Amino acid sequence: MQITSFKQYEEDYKKSIENPEQFWGEVAQNFQWKKPWFKVLSWNFNEPDIKWFEGAKLNITENCLDRHLEKNGDKPAIIWEPNNPEEESVTLTYKMLHERVCRFANVLKRNGAKKGDRICIYMPMVPELAIAVLACARIGAVHSVIFGGFSAKSIADRINDSQCKLVITADGAYRGNKQIPLKDVIDDALIGCPTVEKCIVLTHVRTPVSMLKGRDVWWEDEVKHVNDICEAEEMDAEDMLFILYTSGSTGKPKGVVHTCGGYMVYAGYTFTNVFNYQPGEVYFCTADIGWITGHSYIVYGPLSQGATSVLFEGIPTYPNASRFWDIVEKHKVNTLYTAPTAIRSLMSFGEEPLQGKDLSSIRVLGSVGEPINEEAWHWFDEKIGHGKAPIVDTWWQTETGGIMISPIATVTPTKPSYATLPLPGIQPILVDENGKEIEGNGVSGNLCIKFPWPGMLRTTYGDHERCKQTYFSTYENLYFTGDGCLRDEDGYYRITGRVDDVLNVSGHRIGTAEVENAINMHAGVVESAVVGYPHDVKGQGIYAFVINPEMHGEAELTKKDILQTVTRVIGAIAKPDKILFVSGLPKTRSGKIMRRILRKIAEGDTANLGDTSTLLDPGVVEEIIAASKALK
Ligand code: PRX
């Protein structure tokens, strides 16, 4: 199923459009099924109701583990690189990983988990995180991984939304020179989570933690009570595999649901093709398993293809800005898949951290999560790839399950800052605001997808209507991505950014409404408006306009109080970079905040504010502009 020439890409693409069922049916033959499907695809975007490989039975862990044992059992599946470079890295072969997943799957059963139960995972980037994820899949439980940067309140909201029965966590996590008390955060969260019966705690940093009798058990004790034989649960292709919460333009984060069969086929197919993965190579994705990139391209995609996946606990700048390059050299990494924000941050340290580092193993480079600016693209190409490693700029989303628009390494000619062409099976179209298709090249519009693909979301957990409203109602019969996009004269796609009220801060997706709600929870704040602005390293920064709150002490102190509130309500990743206190917000006569104006002010582009005549009080704009100029 690996594409090796541009001609083959064109042929496969054509086939995938003319006869999608035949195309995906053939791709799916490369996986292991317990029972075959009777229908490859049935779909309706209005409901939406999408089914792939109907009637088929499988377990994704048999594809990620068991099927490699005979020939590749001793091959490394996961290489773990700890936060502290002085500590030993750990290699788990496919045999070892299989054994540990089965054993921990039995621990889950012993603690009452069964097929269909939801299990929350809040862990550091350690091998046990991948083991926990796969153990859930082994027994047919649905995992909901939460990134370690979210607060207790965010965790509680997610646990309650999907009514998790179990939580898997660790005492704490290392992140650079910081320690994060994961169990403490979970303890705070669980005060408000009546559905959680058990909490399994891994010892990692060995910090003191409270262990509640009857609820909390240690991972290390539990594994002693079970053996390592666990037959994989037979799952329907359309049974739920996992839930992953993501932010939108309104309300609380929603639980994006992916199912077993289609997701597996899509993650595996895209992994092997986009990165042109070759047997025996070492592949390093720097994302966290708490995000979709980690799910699809640290765990399921690579392991389904028998690859060696590096799992890194730390951050790019600890103990110094050479860390990524040291890892590349140490483990002879062939593919490095990272985010533009990491590239920009490392660029800012200059060339010194690269001195003497052997990067000659690198064959393919990848970028994900946000638009990559040309400067960062060229730096990545020249300094890291030495002009010889193709860069795959991969566009996709939590909802798409896998990469959608991207070069295929060694096959597709690349162009700086372009995601280039759709992968086989993907039918992107650009539409205007009325949903009318914009045809031809040299055009731009809102990016939609007009035909289903196996890895697409099926619903949003517990609220199918929300899935329909968010993705399938803006334009009839189309999946709406929320992204703006241009298609150049060569038919190449370039993603220009979100067209809704979703921010992309350091590759993290954050809804402006969520941040506003968090700010407004601070006592003394009456109202606020949040917009994004261009940020050199983060891509976008968060700019909050807050109507003069009641102050206790100096304004700067009140700002810090507000940041603290946001950290409590969402997590540190959502803290505004700038807070401006104002006496009013620009509103229309019907009371709607004109964010367009605030965005311009945040960007510093105050000369082109456009029409302000519909504002209730145009004077407020002058005041905000003056105040914004005084803000550093
Ligand atoms: O705006 C797009 C941006 O990230 C959004 C999806 O965020 P999330 O669901 O968190 O998934 C991130 C990892 C897949 C998209 O709507 N985005 C993602 N990749 C790119 C991108 N923007 C431009 N270029 C990309 N390669």
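Residues numbered from 1 in each chain as written. Predicted model: local features only at pLDDT ≥ 70, side-chain atom pairs only at ≥ 80, totals over all residues. Heavy atoms only, no water.

Remarks on the overall build of the chain
Stated precisely, the cut-off is as follows: Secondary structure is summarised from DSSP: a helix means a run of H or I of at least four residues, a strand means a run of E of at least two, and numbering begins at the N terminus for each. Our radius of gyration is a C-alpha quantity, and the globule rule it is checked against amounts to 2.2 Å times the number of residues to the power 0.38. Remark: exposure states derive from per-residue accessible area (1.4 Å probe, protein chains only) relative to the maximum for the residue type, with buried under 20%, exposed over 50%, and partly exposed in between.
Looking only at helices and strands, one finds 18 helices and 30 strands in the chain. For 632 residues, the compact-globule formula gives about 26 Å, and the C-alpha radius of gyration of the chain, at 24 Å, lands near that figure. With the principal axes as the frame, the chain shows a C-alpha extent of 75 × 65 × 55 Å. When the 632 residues of the chain are sorted by exposure, 60% land in the buried category.

Some remarks on empty space enclosed by the protein
Put simply, the test is: Buried and open spaces are told apart on a 1 Å grid over the protein atoms alone, a cavity being a set of points where a 1.4 Å probe fits but cannot get out and a pocket being an open set with protein on both sides within 12 Å along at least five of seven lines. Residues with an atom within 4 Å of a point are the lining residues. Grid points are joined across faces, edges and corners, and a volume is the space filled by probe spheres set on the points. Classification convention: Asp, Glu, Lys, Arg as charged; Ala, Val, Leu, Ile, Met, Phe, Trp, Tyr, Cys, Pro as nonpolar; all other residues, Gly among them, as polar.
Using the criterion set out here, one finds 2 cavities of 30 Å³ or more in the structure. The volume enclosed by the largest cavity comes to roughly 40 Å³. Surrounding the largest cavity, Val145, Ile146, Phe147, Phe150, Arg158, Leu244, Tyr245, Gly290 and Trp291 form its lining. Across the lining of the largest cavity, the residue classes break down as 7 nonpolar, 1 polar and 1 charged. A volume near 40 Å³ is recorded for the second largest cavity. Lining the second largest cavity are Asn59, Ile60, Ala137, Gly140, Ala141, Met235, Met240, Leu241 and Cys260. The class makeup of the residues in the lining of the second largest cavity is 7 nonpolar, 2 polar and no charged.

Concerning the domain arrangement of the chain
Quick note on the threshold: Residue ranges for the domains trace back to a domain assignment, done automatically or taken from a database. Should any heavy atoms of two residues lie within 4.5 Å, those residues are considered in contact. Here's the idea: put two parts together, see how much 1.4 Å probe accessible area each one loses, and the total over both is what we call buried area. Put simply, a salt bridge is a Lys or Arg side-chain nitrogen that is within 4 Å of an Asp or Glu carboxyl oxygen.
The assigned domain composition of the chain is domain 1 (6-46 + 56-472) and domain 2 (502-631). Placing a centre on the C-alpha atoms of domain 1 and another on those of domain 2 gives a separation of 32 Å. Listed per partner, the contact involves 22 residues of domain 1 and 22 residues of domain 2. Here domain 1 and domain 2 share an interface that buries about 1600 Å² over both sides, 49% of which is from carbon and sulfur atoms. Here domain 1 and domain 2 share 1 salt bridge between them. The residue Glu399 makes a salt bridge to Arg509 at a minimum N-O spacing of 2.7 Å. Put simply, the parts of the chain that give the side of domain 1 that touches domain 2 at least two residues each are helix H6 (152-162) and helix H12 (340-347). At 3 residues, the largest contribution of residues to the side of domain 1 that touches domain 2 is made by H12. In the side of domain 1 that touches domain 2, the residues fall into 4 nonpolar, 14 polar and 4 charged.

Observations concerning the pairing of strand S8 (residues 166-170)
Definition in use: For two strands to pair, DSSP has to find at least two bridges joining them.
Counting buried positions over the 5 residues of S8 gives 5, a clear majority of the element. Burial of the side chains of S8 extends over both faces: Leu166, Ile168 and Ala170 are buried on one face and Val167 and Thr169 on the other. With 4 bridges joining them, strand S6 (residues 118-122) and S8 adopt parallel strand pairing. Looking at the pairing, Cys120 lines up with Val167 of S8. Both S8 and strand S11 (residues 198-202) contribute to a ladder of 5 bridges, which runs parallel. Paired with Thr169 across the two strands is Val201, which belongs to S11.

What about the environment of Thr459?
Our working definition: Counting of polar contacts relies on pairs of N or O atoms within 3.5 Å, with two restrictions inside protein: one atom must be capable of donating a hydrogen and the other of accepting it, and residues adjacent in sequence are counted only when both atoms are side-chain atoms.
Mapped onto the elements, Thr459 comes out in strand S23 (residues 459-460). Look at Thr459 and you get buried, because its relative accessible area is 17%. In this structure the side chain of Thr459 is engaged in a polar contact, spanning 2.7 Å, whose partner is the side chain of His464.

A few points about the sheet that holds strand S22 (residues 443-449)
The following threshold applies: Think of each axis as a best-fit line through the C-alpha atoms, taken over the contacting stretch in the case of a helix, with angles from 0 to 180 degrees between the N-to-C directions.
Read across the open sheet, the 4 strands follow the order S21-S22-S24-S25; overall the sheet is antiparallel. Sheet topology places strand S21 (428-431) and strand S25 (493-498) at the edges, where each strand pairs with a single neighbour. Neighbour-to-neighbour, the strand axes of the sheet open up by a mean angle of 45°, direction not taken into account. Pairing of strand S24 (residues 479-487) with S25, which is carried by 5 bridges, proceeds in the antiparallel orientation. Looking at the pairing, Leu486 lines up with Arg494 of S25.

Some thoughts on the site of the ligand
How we decide: One heavy atom within 4 Å of a molecule or strand is enough for the residue carrying it to be called near that molecule or strand.
Taken together, 17 residues sit near the ligand, with Asp393, Thr394, Thr398, Asp483 and Arg509 positioned nearest. The separation between an oxygen atom of the ligand and a polar side-chain atom of Asp483 is 2.6 Å. The side chain of Arg498 places a nitrogen or oxygen atom 2.8 Å from an oxygen atom of the ligand. Of all the secondary-structure elements, those providing two or more residues to the shell around the ligand are helix H10 (292-304), strand S20 (391-394) and S25. Its residues assigned to classes, the shell around the ligand shows 6 nonpolar, 6 polar and 5 charged.

Focus on the sheet that holds strand S18 (residues 335-338)
The strand order across the open sheet formed by 7 strands is S5-S4-S17-S16-S18-S19-S20, and the pairing between neighbours is mixed. Edge positions in the sheet fall to strand S5 (90-93) and S20, since each has one partner strand and no second. Put simply, the sheet's adjacent strands are angled 20° from each other on average, direction ignored. As paired strands, strand S16 (residues 282-285) and strand S17 (residues 308-312) are joined by 3 bridges and run parallel to one another. Looking at S17, one finds that Tyr283 is bridged to Ser309.

Observations regarding the nonpolar core
Cut-off, in case you're wondering: To form a nonpolar core, buried Ala, Val, Leu, Ile, Met, Phe, Trp, Tyr and Cys residues must be joined to one another through side-chain atoms within 4.5 Å.
Trp33, Phe53, Phe104, Leu108 and Tyr300 are the most contacted members of the largest nonpolar core, which has 164 residues in total. With 10 residues, helix H5 (residues 127-139) is the single largest residue contributor to this core. Residues lining this core come from more than one domain, with at least three contributed by each of domain 1 (6-46 + 56-472) and domain 2 (502-631). Leave out the neighbours within four places in its chain, and Trp33 touches Ala28, Phe53, Ala56, Lys57, Leu58, Ala237, Gly261, Met264 and Val265. Membership of the second largest hydrophobic core comes to 28 residues, among which are Val328, Leu365, Trp377 and Trp379.

Digging into helix H4 (residues 94-110)
Basically, it comes down to this: Take the number of residues in a helix, subtract one, and multiply by 1.5 Å to get its expected span.
Relative to the 24 Å expected for 17 residues at 1.5 Å per residue, H4 spans 24 Å between its end C-alpha atoms, a close match to the ideal helical length. Residues of H4 that are buried include every one of Tyr94, Leu97, His98, Val101, Cys102, Phe104, Ala105, Asn106, Val107 and Leu108, and no others. With its phi angle positive at about 95°, Gly112 sits one or two positions after the end of H4.

A closer look at unusual backbone geometry
Residues other than glycine predominantly adopt negative phi, and peptide bonds predominantly adopt the trans conformation. With an omega of -15°, the peptide bond between Glu47 and Pro48 qualifies as cis. As for its position among the elements, Pro48 is in the loop between strand S1 (39-44) and strand S2 (49-54). Cis geometry marks the peptide bond from Tyr318 to Pro319; its omega dihedral reads 0°. Its location among the elements puts Pro319 in the loop between S17 and helix H11 (323-331). A positive phi angle is found at Thr410, which is not glycine, with a value near 70°. You can see Thr410 is positioned in the loop between S20 and S21.

A closer look at helix H18 (residues 619-630)
To keep things clear, this is the line we draw: It is the directions from the helix axis to the C-beta atoms whose arc is reported.
Counted at 1.5 Å a residue, the expected span for H18 with its 12 residues is 16 Å, and the 18 Å between its end C-alpha atoms agrees. All buried positions along H18 are accounted for by Val620, Val621, Ile624, Ile625 and Ser628. When H18 is viewed along its axis, its buried side chains cluster within an angular range of 140° and face the same direction. In this structure, H18 carries Glu622, Lys629 and Ala630 as exposed residues pointing more than 90 degrees from its buried face. Along its buried surface, H18 packs onto strand S29 (539-547), strand S30 (578-582) and helix H17 (595-603).

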